[in-house]
Amino acid sequence: MAEIGSFALLLALALSLYSFLAGLIALLFQAQSPQIATPLGSPSLRRAANSASTHRGSTSTLLRSGSERIGETARHAGIATFGAVFLASIVLVFCAFRDDFSIAYIFHHSNRDLPGAYKFAVLWSGQEGSLLFWSLLLAAYGFVLRLRYKTDARLFAYASVILAGVQIFFLLLLNFAAHPFAIMQGTIPADGNGLNPLLQYPEMVIHPPMLYLGYVGFTVPFAFALGALIMKYPGEKWIQITRRWTMVTWAFLTCGVFLGAHWAYSVLGWGGYWGWDPVENASLMPWLAGTAFLHSVMMQEKRGMLKMWNMWLVFATFWLAILGTFLTRSGIISSVHAFAQSSIGDWFAWFLGITLITFLIFFFKNKSHLRSEHKLESLVSRESSFLFNNLLFVLLTFTVLWGTWFPKISELVQGNKVTVGAPFYNRVAIPVALLLLILTAVGPLLAWRKTSIESLKRNFLWPTIGAIAVAIFLMLTPQSWGSAFGLKPWKDISYFYSLMAIALSVLVTLTVASEFYRGGRVISKHTGQGMFASMVQLTHRNTRRYGGYIVHFGVVVVIIGFAGAAFNLDKEQEMGYGDKMTIGPYTLVCRSYTDDDAPNYASEWALLDVYKGGKQIGTMTPVRRFYKASQQTSTMPDIRSGLNEDLYVVFEGLNPDNGHPILKAHLNALVMWIWMGVWIMLGGTVLALVPNAPAPVRVAAPVRLERTEVAPVATGD
Amino acid sequence: MSMANSTAKSERAQLTRRCVKALLLSAAVFALLGAADPATRFNEIGHQMMCICGCNQILLECNHVGCPDSDGMRNELMAALNRGDSDGLVEQGFVQKYGPTVLAAPTGKGFDRAAYVVPFVALVLGFGLIVLVVRSWKNRPTPAIAGGLPPIRGAELEQFRDQARKETDL
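Given the structure is predicted, the values throughout are model-derived calculations rather than measurements.

Q: Break down the overall build of chain B for me, citing the residues and quoting the values.
A: When helices and strands are tallied, chain B shows 6 helices and 0 strands. Overall, chain B shows an N-to-C arrangement of helices and strands of α-α-α-α-α-α. Expressed as a percentage of its 170 residues, the buried residues of chain B come to 16%. Expressed as a percentage of contacts within chain B between residues at least 6 apart in sequence, the contacts between residues at least 24 apart total 35%.

Written out as structure tokens, the structure is:
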């Protein structure tokens, strides 16, 4: 089987190379062939020229049809690449299910007793497999792109060549640096080392695919953007073509990032969901840059502005996705995530360098093509809010990049490493994120071009009063009411941040709600429908705008969840039979503790009764597992989730003296809001992808117009 | 008249000074509130440090039983606080014993300061850049109208703008 996989990978490389080179040749010929023109002059000269031009014309037609045929074979080769990479992936998964430990990758990442779903997940569990999976997703995106080429054959041809270029890099890696079908030396082991225990969790089966769909997906808008830049594509059609790609990709990345957070929360057992580890940062950077791009691209669509900036943003998003992979695979930055460190870091460094240089060359060669078409009329306008929005997103991206690299920079400058952990990001990133939240409230309600003071007052007075009222209410209420109450900002800076985050979230929610209400009211007045039906119709008429508002509302719900971190509590205790532990309003009583044995792992667990207000509300069973194949332990916290707080209990281990379990309980406030917010964000994105309903056509009675001289009106557009 | 003006001015200045003093005083009070509580200090400083066992976790969040380092480090922290050491002294002691990576974030001294300064410098530069961009965009000449007619400006433009808003608003 390994031979089939290896052959498929070599075939994929050959096909990609052909797709790239043949596609490039076809584009070069197509670029040259239309340049033949008929000269002016005397009739004899024209006749002579015409005869020459007929000859050249036929040559040109031949060249063009030849180059079109070559381009078509390049497209087919690109499509076939998907087949070859798919075959290699199937072979690897098949080998995992067959327990073929003659393949080193299978030996290192699987074992006989590994459940089936995790054997499937072996494909992306290690370095070589995850690179193959990356290549597979890229080939799949390329497959769809090449099938849809008729939308705009020339632009798609450019994008196809660029995708083939990126694919060549990954296939070179797979064939020559990180071969997933490498054969074990010596005797074939009876069983494998097993999958990393931390990865043996249901979410790990879907988290990496989502994340990679996001990472790889940003290659598509980048390929279109670079293609449009190279061919000096007129207009904004490339943005319209890639808008859906970008939104779908962004949704995958969002899903991947938050699934990772949920996995960390559910598996790592430290009670948190985000540790600012370089691997986490690597996923956040392209997400931030991609979010900035999704916003600023609207400026280009609506006003023909920020063309150069968008080109840079889409490149940065793609580049940061690759940079993140380079950071975590090269060993340059230390991370708790256990990716093998190898020489592939050098490959990534070269690839990053080549893509940067390629982009710079074409950018400086063709940047005159990217001039803005309009001017800015007022600082108080949607345009300027987008500018500030982009500044803050880019600043956040830079802060995360800076924080990730700072240990290395410090080592180079002062000879010693420093740690850049959560306290740094809390100090630097939270104020910027709060500013961004203000813009989320303000931006969408500003009009394009110019907003009057009256309009600002009308739109913001009540939401602002509402937000201030909620902030005062949260400050004055007693803390016994729940996690988010009794917020005294002077007690702790984290309380101040939480109060600000919640108040600003209320502001955003009210501004979003007022937008729905005002639009719904107008439709209701015109159609006589109920308010809810009118708001549904309003949303259906402009799904992108109102889907975007729902995404903003989802972000607000996530932010409220983050704000809850200020109220977290934890307690650690050894618990024998009948021992009690009290944390917040909960009392845990240890009813039993025991161990168990399964084919893949042995486990120790405790059985705890949970009481609230003197009444039993359930039982919890935190577990610690010992995985036999890998000889590693892993905790499976038991989490009792509620809207107000999560009760999170971890089985930390046994006291060696008396065999009593040591348990750690966390009371994590408002965590559920984070996961709810992500669902809302995804729902908003899906809604934004739905095509708009056509506006109702009104037939008016014909009106007799008198012929008058009408002066044209300059609207600035 | 001018005397009355100057009196009003000096009263306003006095009021401003009083407000600033009151704000500074309340800020100092808020800053000092809770600072003396040893449990709060343990929690705060413990969250500013890393466990050095290699788990890459904040000291007070290191959660594995049998960690060779975190228990000892927590005890040392408690002992230092009981001795009455200041926050700075506690951190200095830990850095001397375990190296600079024991601190969960760069300090505000020497080159470490750059970690905090650079993002805010970037923010200021970014704002400056946006102001420049906005200015250059505002000063860009208005596109010429075909036929040589001058563009409509001022009140007339506002009137058309309002009309367009009314007609196109949902």
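The discussion continues.
Q: Can you lay out the sheet that holds strand β9 (residues 645-654) of chain A for me, pointing to particular residues and giving the numbers?
A: Residue and element names in this part refer to chain A. The strand order β1-β10-β9-β8 describes an open sheet built from 4 strands, whose pairing is antiparallel. Strands with a single pairing partner mark the edges of an open sheet, and in this sheet they are β1 (569-574) and β8 (638-641). The sheet shows a mean angle of 15° between the axes of neighbouring strands, direction not considered.

Q: A description of the confidence of the model for chain B should follow, citing residues and the corresponding values.
A: Residues and elements named next belong to chain B. In the predicted model, chain B carries a mean pLDDT of 74, and the fraction of residues at 70 or more is 62%. Across chain B, the element-wise mean pLDDT spans from 59 in helix α1 (residues 2-32) up to 88 in helix α4 (residues 87-98). Low pLDDT (under 50) marks residues 29-34, which in the prediction has 5 contacts with non-local residues, meaning those over four places away or in another chain. At the level of chain-chain contacts, confidence expressed as ipTM amounts to 0.77, with global pTM at 0.83.

Q: Explain the packing of helix α13 (residues 382-414) of chain A against helix α14 (residues 422-442) of chain A residue by residue, including any values.
A: When two helices pack together, their arrangement is given by the angle between the helix axes and by the axis-to-axis distance. All names here are of chain A. Closest axis-to-axis distance for the α13/α14 pair is 10 Å, and the angle between their directions is 165°. In terms of orientation, α13 lies roughly antiparallel with respect to α14. As α13 runs across α14, the sense of the crossing is left-handed. On α14, the residues touching S385, F388, N389, L392, L395, L396, T399 and G403 of α13 are F424, Y425, V428, A429, V432, A433, L435, L436, L439 and V442. Its residues assigned to classes, the contact of α13 with α14 comprises 14 nonpolar, 4 polar and no charged.

Q: I'd love a proper account of the domain arrangement of chain A, names of residues and values included.
A: Residue and element names in this part refer to chain A. Domains assigned within chain A are domain 1 (1-34 + 50-194), domain 2 (196-374 + 384-401) and domain 3 (567-672). The C-alpha centroid of domain 2 is placed 22 Å from the C-alpha centroid of domain 1. Of all the secondary structure elements, the ones that give two or more residues to the side of domain 1 that touches domain 2 are α4 (116-121), α5 (127-147) and α6 (153-176). Among the elements that make up the side of domain 1 that touches domain 2, the one with the highest residue count is α6 (9 residues). Partitioned by chemical class, the residues of the side of domain 1 that touches domain 2 number 20 nonpolar, 4 polar and 2 charged.

Q: Explain the environment of D87 of chain B to me, and be specific about the residues and the numbers.
A: All names here are of chain B. Turning to its location among the elements, D87 is positioned in helix α4. D87 sits in the partly exposed class, given 14 other C-beta atoms within 10 Å. Counting along the chain gives 43 residues from D87 to E44, while the straight-line C-alpha distance between them is 9.6 Å.

So, how was this worked out
- Residues numbered from 1 in each chain as written.
- Chains lettered and ligands numbered in written order.
- Predicted model: local features only at pLDDT ≥ 70, side-chain atom pairs only at ≥ 80, totals over all residues.
- Helix = DSSP H or I, 4+ residues; strand = E, 2+ residues; numbered from the N terminus.
- Buried ≥ 20, exposed ≤ 12 C-beta atoms within 10 Å, placed from the backbone.
- Contact = placed C-beta atoms within 7 Å.
- Pairing = 2+ DSSP bridges.
- Axes fitted to C-alpha atoms, helices over the stretch in contact; angles between N-to-C directions.
- pLDDT = per-residue confidence, 0-100.
- Parallel < 35°, antiparallel > 145°, perpendicular 65-115°, else oblique.
- Left-handed = near helix turned anticlockwise from the far one by under 90°.
- Nonpolar A, V, L, I, M, F, W, Y, C, P; charged D, E, K, R; others polar.
- Domains from an automatic or database assignment.

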